[in-house]
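Structural overview for review
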Amino acid sequence: MLWYWLFAIVLFMLFQSVTDVIASSPLAYSEFKELLRGGKVNEVTLAETTVSGTLKSGGLDAILPKNRAESVKCNADGLCPFNAVRVADPDLVKDLDAAHVRYFGQQHSEWLSTLLSWALPLLLLFWMWGAMAKRGGVAAGLFDVGKSRARVYMQSKTGVSFNDVAGIDEARDELMEIVDFLKSPQRYRRLGGRIPKGVLIVGPPGTGKTLLARAVAGEAGVPFFSISGSEFVEMFVGVGAARVRDMFVQAQKVAPCIIFIDELDALGRARGVAGVVGGYNEQEQTLNQLLVEMDGFDTNKGVIILGATNRPEILDPALLRPGRFDRHVALDRPDLKGRQKILQVHARDVRLAPDVDLAAVAARTPGLA
């Protein structure tokens with residue numbers, strides 16, 4: 001709305017300046033001098049480039065041609081506003097004194113033109129910058145450099161539930177405790193129980209780590225923050241730590257919720273293994289901020305952190321100590337029954353021939369995920 005108000009103000013000022021000129025009758029400077037000598041000028045305002053004022057109505061046609069006299073418009077007071085372009089006339093003031101005409105000086109103000117000369121380019125620049133930010137270009141990254149890039153799925157909008165997860169029954173049963181806590185946290189609080197702050201889902205690529213995390217959120221019906229570990233680390237110093245802080249602030253506002261960090265090894269790699277020259281590492285600062293945030297929030301508020309990785313051996317030991325990612329859920333490639341259940345899930349909306357045997361198909365897919 002600010003842009004609309006600025007545009008309206010500028011448009012109003014331009015309209016006012018134009019209407020002030022249109023409201024008065026234009027005269028040639030020679031006609032003005034003739035009217036001055038004829039005693040028809042009431043008062044005059046002298047500006048740098050214009051001469052304006054009022055004329056006495058009546059008898060104008062005796063001085064001006066008939067068509068010009070008829071074009072002069074007068075008001076109810078018998079005065080006729082006029083304006084004329086001023087020319088170099090050193091005797092003008094003497095002529096006004098001789099005719100006993102009251103005259104005023106007007107200092108030319110250039111504030112409007114000055115304002116427009118620097119304000120309009122700036123407004124145009126910010127408008128273009130804002131348009132780029134909306135389209136997600138470079139400007140968007142600069143504006144939101146410290147903001148969390150987590151994709152937020154509000155209640156039940158992950159589109160995934162435990163009915164869509166098959167072949168990993170043990171891991172699913174283990175995560176049902178978290179779902180039960182998010183659905184009825186008062187029961188745990190009444191008994192003095194505490195849910196783990198962080199759960200680390202470990203397994204080879206393609207075994208359903210991300211799917212399982214989304215299913216937990218969809219089953220519990222709570223907001224789901226999803227972000228990759230690599231999205232925290234940027235070329236700017238301090239950006240990763242700022243994004244970690246912002247993500248936890250957003251999560252606590254909508255608690256109970258789930259924060260899911262995919263590819264946790266990109267963020268939680270053990271410190272001191274591959275530091276940059278000079279001993280400073282932006283990735284380490286981001287990891288430190290994550291550790292601080294995990295220590296600083298209370299799980300009774302209903303914020304659960306899920307992490308997923310296929311390389312748990314390179315994670316920093318501080319991430320795996322009690323009070324952080326102290327519970328591990330292992331996923332492996334499904335067995336024969338698990339693969340058959342997965343095929344049944346994918347075949348729910350597919351028309352199959354009567355002779356299709358999913359058990360036979362599952363038996364031909366050993367070692368696949």
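The following paragraphs examine the structure supplied in this document. (Residues numbered from 1 in each chain as written. Predicted model: local features only at pLDDT ≥ 70, side-chain atom pairs only at ≥ 80, totals over all residues. Heavy atoms only, no water.)

Here we take up helix α13 (residues 336–346). Considered for burial, the residues of α13 that qualify are G338, R339 and V345. One side of α13 carries all its buried residues, which in axial view fall inside an arc of 115 degrees. Where α13 is buried, its residues meet α14 (358–363). (Buried < 20%, exposed > 50% of the residue type's maximum accessible area, 1.4 Å probe, protein only. Helix = DSSP H or I, 4+ residues; strand = E, 2+ residues; numbered from the N terminus. Arc of directions from axis to C-beta. Contact = heavy atoms within 4.5 Å.)

If you want to describe how two helices pack, look at the angle between their axes and the distance between the axes. Helix α9 (residues 209–220) packs onto helix α7 (residues 169–183) with a crossing angle of 35 degrees between their chain directions and a minimal axis gap of 9 Å. Along this stretch, α7 crosses α9, giving a crossing that reads as right-handed. In this structure, α7 uses A171, R172, L175, I178, V179, L182 and K183 to contact α9, whose residues at the interface are L212, V216, E219 and A220. Class assignment of the residues belonging to the contact of α7 with α9 gives a composition of eight nonpolar, no polar and three charged. (Axes fitted to C-alpha atoms, helices over the stretch in contact; angles between N-to-C directions. Left-handed = near helix turned anticlockwise from the far one by under 90°. Nonpolar A, V, L, I, M, F, W, Y, C, P; charged D, E, K, R; others polar.)

Turning next to the sheet that holds strand β1 (residues 25–27). Read across the open sheet, the five strands follow the order β1-β4-β3-β2-β5; overall the sheet is mixed. This sheet does not close on itself; its edge strands, each paired only once, are β1 and β5 (102–105). Here the strands of the sheet are splayed against their neighbours by 25 degrees on average, with no regard to which way each runs. Relative to β5, strand β2 (residues 41–46) is paired through four bridges, and the arrangement is parallel. Bridged to T45 within β5 is F104. Packed onto the sheet, helix α2 (residues 29–37) meets β1, β2, β3 (50–56) and β4 (79–85) and runs at close to 135 degrees relative to β2. (Pairing = 2+ DSSP bridges.)

Turning our eyes to something else, we now look at the environment of L96. Tracing the chain through its elements places L96 in helix α4 (residues 92–98). Residue classification places L96 among the buried residues on the basis of a relative accessible area of 0%. A C-alpha to C-alpha distance of 8.6 Å links L96 and V44, two positions 52 residues apart in sequence. Discounting chain neighbours no more than four positions away, the residues touching L96 are F32, L36, V44, L46, V101 and Y103.

To continue, consider the pairing of strand β9 (residues 257–262). Counted residue by residue, β9 has five buried out of six residues, so it is predominantly covered. Pairing of strand β8 (residues 224–228) with β9, which is carried by five bridges, proceeds in the parallel orientation. Counted as the bridge partner of I227 is I261 from β9. For β9 and strand β10 (residues 303–309), the ladder comprises five bridges, and the chain directions are parallel. Bridge assignment links I258 to a residue of β10, and that residue is I304.

Moving on to the packing of aromatic side chains. For any two aromatic rings, the description comes down to two numbers: the centre-to-centre distance and the angle of the planes. One pass over the structure, following the stated rule, counts three aromatic pairs. The interplanar angle of 20 degrees and the centroid separation of 5.6 Å between the aromatic rings of F32 and F82 together place this pair among those described as stacked. Taken together, the positions of F32 in helix α2 and F82 in strand β4 put the pair 50 residues apart, joining distant regions of the chain. Taking 5.9 Å as the distance between ring centres and 20 degrees as the angle between the ring planes, the aromatic pair formed by F224 and F260 counts as stacked. Separated by 36 residues along the polypeptide, F224 in strand β8 and F260 in strand β9 bring together distant segments of the chain. For F224, a relative accessible area of 0% gives the class buried. By relative accessible area, F260 is classed as buried at 0%. Among the aromatic residues, ring-to-ring pairing joins Y29, F32 and F82 into one connected group. (Phe/Tyr/Trp six-rings, centres within 6.5 Å; stacked < 30°, edge-to-face > 60°.)

Note that side chains of opposite charge can pair when their charged atoms are close. In the structure shown here, the tally under the stated rule is 10 salt bridges. Between E31 and R68 there is a salt bridge whose closest N-O contact spans 2.9 Å. With a gap of 37 residues between them, E31 in helix α2 and R68 in helix α3 (residues 66–71) connect regions that are remote in the sequence. Here K33 ties to D89 by a salt bridge, and the two come within 2.8 Å at their closest N and O atoms. With K33 in helix α2 and D89 in the loop between β4 and α4, this residue pair connects regions lying 56 residues apart in the sequence. Judged by its relative accessible area of 12%, K33 falls in the buried class. Owing to a relative accessible area of 18%, D89 belongs among the buried residues under this scheme. (Salt bridge = Lys/Arg side-chain N within 4 Å of Asp/Glu carboxyl O.)

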